[in-house]
Amino acid sequence: MTGKPTSAESGRHSSADFIDPLTLMRIKSLELRAKAVVEGFQSGLNHSPYHGFSVEFTEYRQYAPGDDVRYLDWKLYARSDRYYIKRFEDETNLRCHLILDMSRSMGYGSVGYSKADYARTLVATLSYFLVSQRDAVGLVTFADQMEAFVPARFRTGHLRRLMVTLEQQVAGKSTNLDAPLEKIAERVARRGMLVLVSDLLSPIDTLESRLAHLRARGHEVLLFQILDPAELNFDFDDPALFEDAETGREIYVDPESARANYQRRLEEHISGIRSICDRLGISYRQFVTDTPLEVAMGDFLRSRQHKGSLPARTSAANRRAA
Amino acid sequence: MSFLAPLFIAAVAAVSLPVLFHMIRRTPRGRIPFSTVMFLDPSPPQITRRSRLDNWPLLLLRALALILLAIAFARPFWRTTTGANVAVNDGRQIAILLDSSASMRRGKLWNDAVARAVRIIDDATPADRIGLFTFDRTLTQVVGFEESSSLEPAARKKLLHQRLAATKPGWAATDLGDALTYVAETLVAADAKTTDQQSEKSKEIILISDMQVGSRTRPLGRSKWPAEVKLSVEQVNPSSTTNAGLQLASRTTILKNEQDNIRVRVVNAADSTKEQFQLRWKSDGPFFSTEESINVYVPPGRSRIVRVPFDPNLSAPARLVLTGDDHDFDNTIAVDRTTVQNLNVLYVGSDTASDPDGLRFYIERAFPDDGLRRVTVIGQPPGAPAISPDTRNIGLVIVAEPLLDKQLDWLRRHVKEGGTLLFVASSADTYQSFGQLVGKPDLKVREADVEGYAMLGDIDFAHPLFASFDDPRFADFTSIHFWKHRQIDVDELPDCRILARFDDGTPAVVTKQMGRGSATLFASGWHPADSQLALSTKFVPLMNGLLELNAGHLDRRRHYTVGDAVPIAARANELATPSIMHGPESQTVQLTSGQRTFTGTVVPGVYRMGDAPDVPRFTVGLAAAESRTAPMPLERLESLGIPLKPIETSATKVAAAQRERQLKAVELEGRQKIWRWLILAAIVALMAETWLAGRTTKQIAIGNAEGAES
């Protein structure tokens, strides 16, 4: 297995291979956007350092001499008169719930589109990919409370339902992780994957306990923190009244004098989140909204592999890679 | 450089305010929505690197424009001495006119007035010419302009102070009109004498007075006030205004006897606050009468006549004193008593007193009895060997018949001793006696040939006999017709004075001084056969004039006002020896031989001529108008055509100088109009600022675009 490129590495390599997020955001349809990312990721797979991944993106693949004939799908041969190797149906299919933060803080953006647009696109992309993998995908949106809950299903029309839910505007204001995570713990009984997509710019006092509860129920939790470049760098020039998107509070800030302290405190906050994730065995990834979504896809897949969520798949992938 | 409106210069300091605010606090450029401010702390205002000024030239241009505008609004100008075609003012000509009348004796009025005069003298500049005058009934020059201007300023002030300190208020009335008129003429005349033709000294009269309404101002309306002379009034006011004056209600203060009453007038000033007063007799010394005082009620602004009985316990002369008001300068009148003067007129003639065709008939009626003088006409029959020894107190001898030698001798002695002799005859024989008397026994007299009638002409009004007729109203004698008259050759009468001529040139009235007396000749009789003289209005005054020519007899008036000239003798040389006039307050004045009038009536009281106890006396009192002490409105002077000017004190002079300076500044600034150039410069600066700001904005925009592309 080759070294796994980090998001930064993929960023360095993405300028020619990956879709510019700003250009991607110009696609109005979320489904098309997600499809573009997924197909773009797939088309770049042969040239990407993702070689060796035992990733199968199609339900069947054409028989090639040397394949194990035990996996030929004879029914499909009967229908099509062509030999295809059948995907191994694993009775441990992934059940993944994507949890999307739709609070007002996610509405901030300095790169031409907001974090919410980026997060929606990311969740739509993940949904598209998982559905294409015949995984059950569910969706939870929240702001200061759970707004929408789409159970994880794999059926016809489910993807459409997910996209529609994603495109709905949320009326909430502030970010409150407690209530949504508690409800998820109640409503998601079967173990699966939970992907939390949020900027996490809110107090994290109770975050550890909520995430620990989810881990205790056996869920695999991934935490994607979406941040805007301006939130990381605070690269403002002139003093201004900064208005909090969620509380409406305004304070006069001179960026020249406040930048260092802001970055320190933000880093402390992020470090706190990382520490929580490390303690609870949660995979944490930070995505800046100017990062191509293919990189996020890659991180997601890597996370799945590392966590052994597809053990069968992982062994077959290893034989093929060999 | 000076400024008309220097307060606008403060706007220059305001230019620094925006810079200061910019350095201290940078105004937020807007509101930035952010996801969360949980990691941000409010920034205090401070000068940071980013707070520094980025574009100095732009700031300087804007500041320059503001500064130029501020200076332009301040209206700057250069103080120069060129272009001011104004004559140099080298001082003023000031006449200080100080009221020294009797009313200035009230309270501290005089001290206050002197203090003001001192202040005016001290406030004067070295270029000022000052004259000092005092006035009451007459004007007195204390320091003239020529004397004042001949001294150095310090010596001038010292002299003025010294002379001022020596002045005192008198007792006379206030003749304000004459004083102002004369001083104004003196000011104009003094300026005409100056050798400096380029200077234009302003002329001022500073009048220091109580401005009582009793001041005489009538002369001011008779002539035009010189326009270049300004009048300033320093009015002094007493602390208390109640003043009641005591005046005579008749022309004399003579009591005929101790049972007599005297009528007085009590006048209460218009600004008085009291109404009740008292009258009380006082001896000539310090003692008041023991009789009760008489209460008098007089409302303010009114007067009242009171008949006051004489205190029988006192002897004349005495004084009547008014009490109850605040000022006593006019509260006393002197009262004297004298007997009736008896005089005889000796008539030497044969006609009787009841013969209307004779001369005596009219003489009997020519001397009325006025209560102070009783004249008796005593007839001397002609042919009597001597004048009757009963003829004493002969004031006049009238000869109408030829005289015997013994009579002539007596008469000659009588005249030389001071008697008055009148020769009048209807025939030429009577004139022979006159010729004998005057030493011309062969005097040729003939009857004149009168066609119709003759008239008097060429009258010598300088002689005391005709002096009372020296008035256009009384000087016409042409209405008296003379049917007959004697013609005397003038050359026949040496050393005689012709007092009147007929219209044919022949003497009508001739007089000759003989010793202390005089002999007068009428060339015509006054009876109807000769003329209309006895029937004319001039006959009685003529006869009484002859009677009063007698030496030693005073005028029948016994009361005068302070400053009056009192007649004390009728003819020259009638005082054999000089006499002394005794006045009040132990005043004594030596009278000179030949002195006819006494002008030393400066103090009210009783005056007597001589030391004998029975010498004639007269009283002097204050003028009635002097008791009218309420102040007159100054508009009265303006209504008489006198422009009033406010008094210049040091403060007002400073204010006037500032006003003049301000006017000059406005004039200079109006010519220079520097503000126009400043506005133009400000416009240029603003145009440059606009260009530079536009250029800077473009550069920033270009830079931003390049940064975005990179």
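Residues numbered from 1 in each chain as written. Chains lettered and ligands numbered in written order. Predicted model: local features only at pLDDT ≥ 70, side-chain atom pairs only at ≥ 80, totals over all residues. Heavy atoms only, no water.

A. Local environment of helix α9 (residues 428-437) of chain B. Here α9(B) has its buried residues at Thr430(B), Tyr431(B), Ser433(B), Phe434(B), Gly435(B) and Leu437(B). Two residues or fewer past α9(B), Gly439(B) is found with a positive phi of approximately 90°. (Buried < 20%, exposed > 50% of the residue type's maximum accessible area, 1.4 Å probe, protein only. Helix = DSSP H or I, 4+ residues; strand = E, 2+ residues; numbered from the N terminus.)

B. A nonpolar patch on the surface, seen in detail. There is a patch of nonpolar side chains on the surface, built from Trp677(B), Leu680(B) and Val684(B) and spanning about 350 Å² of accessible area. Considering the arrangement of structural elements, one finds Leu680(B) in helix α14 (residues 674-709). (Patch = residues over 30% accessible without salt bridge, like charges linked within 9 Å, V, L, I, M, F, W, Y side chains within 5 Å. Areas by Shrake-Rupley, 256 points an atom, 1.4 Å probe, with all protein chains shown as cover. Salt bridge = Lys/Arg side-chain N within 4 Å of Asp/Glu carboxyl O.)

C. Broad picture of helix α3 (residues 109-123) of chain B. Residues and elements named next belong to chain B. For α3, spanning 15 residues, the distance from its first C-alpha to its last is 21 Å, which sits close to the expected 21 Å at 1.5 Å a residue. For α3, the set of buried residues is Leu109, Trp110, Ala113, Val114, Ala117, Ile120 and Ile121. Axial view of α3: buried residues confined to an arc of 130°, hence all on one face. Buried residues in α3 make contact with β4 (92-99), β5 (129-135), α5 (153-166), β7 (202-209) and β8 (229-235). (Expected span 1.5 Å × (residues − 1). Arc of directions from axis to C-beta. Contact = heavy atoms within 4.5 Å.)

D. The packing of aromatic side chains, seen in detail. Counting across every chain of the model gives 29 aromatic pairs over all chains. Here the aromatic rings of Phe234(A) and Phe236(A) are separated by 5.0 Å at their centres, their planes lie at 75°, and the arrangement is edge-to-face. Clustering of aromatic rings is evident, with ring pairs tying together Tyr108(A), Phe234(A), Phe236(A), Phe242(A), Tyr262(A), Phe34(B) and Phe39(B). Above the ring of Phe361(B), the side-chain terminus of Arg365(B) is found at 3.7 Å from the ring centroid. The ring centre of Phe477(B) lies 5.3 Å from the NZ or CZ of Lys538(B), which sits over that ring. (Phe/Tyr/Trp six-rings, centres within 6.5 Å; stacked < 30°, edge-to-face > 60°. Lys NZ or Arg CZ within 6 Å of the ring centre and 35° of its normal.)

E. Here's a closer look at the confidence of the model for chain A. Looking at chain A, pLDDT values average 79 and 80% of them are 70 or higher. A low-confidence stretch, residues 46-58 of chain A stays under pLDDT 50, and its non-local contacts, those more than four residues away or across chains, total 32 contacts. (pLDDT = per-residue confidence, 0-100.)

F. How the structure looks around the packing of helix α7 (residues 178-187) of chain A against helix α8 (residues 207-216) of chain A. Residue and element names in this part refer to chain A. α8 packs onto α7 with a crossing angle of 15° between their chain directions and a minimal axis gap of 10 Å. Comparing the axis directions of α7 and α8 gives the class roughly parallel. α8 is crossed by α7, and the crossing has left-handed handedness. Facing Asp178, Leu181, Glu182, Ile184 and Ala185 of α7, the residues of α8 in contact are Leu207, Arg210, Leu211, His213 and Leu214. (Axes fitted to C-alpha atoms, helices over the stretch in contact; angles between N-to-C directions. Parallel < 35°, antiparallel > 145°, perpendicular 65-115°, else oblique. Left-handed = near helix turned anticlockwise from the far one by under 90°.)

G. Geometry of the interface of chain A and chain B. With 34 residues of chain A at the interface, the matching set in chain B holds 21 residues. Each partner contributes to the roughly 2800 Å² buried at the junction of chain A and chain B, and carbon and sulfur atoms together form 59% of this total. Counting every contact that joins chain A to chain B gives two salt bridges. With its nearest N and O atoms 3.1 Å apart, the salt bridge here joins Asp41(B) to Arg265(A). Tallying contributions element by element places helix α10 (residues 255-280) of chain A first for the side of chain A that touches chain B, with eight residues. Of the residues belonging to the side of chain A that touches chain B, the class tally is 17 nonpolar, five polar and 12 charged. Pairing geometry for strand β8 (residues 240-244) of chain A and strand β2 (residues 31-34) of chain B, over four bridges, is parallel. Across the sheet, the residue bridging to Glu243(A) is Pro33(B), located in β2(B). (Buried area = accessible area lost by both parts, 1.4 Å probe. Nonpolar A, V, L, I, M, F, W, Y, C, P; charged D, E, K, R; others polar. Pairing = 2+ DSSP bridges.)

H. Geometry of the sheet that holds strand β33 (residues 617-621) of chain B. Residues and elements named next belong to chain B. Reading across the sheet, the five strands line up as β27-β33-β32-β29-β30 and stay open at both edges, with mixed pairing between neighbours. Strands with a single pairing partner mark the edges of an open sheet, and in this sheet they are β27 (559-561) and β30 (588-590). Averaged over all pairs of adjacent strands, the angle between their axes in this sheet comes to 25°, without regard to strand direction. The pairing of strand β32 (residues 605-609) with β33 spans four bridges and is antiparallel. Following the sheet pairing, Arg608 is matched in β33 by Arg617.

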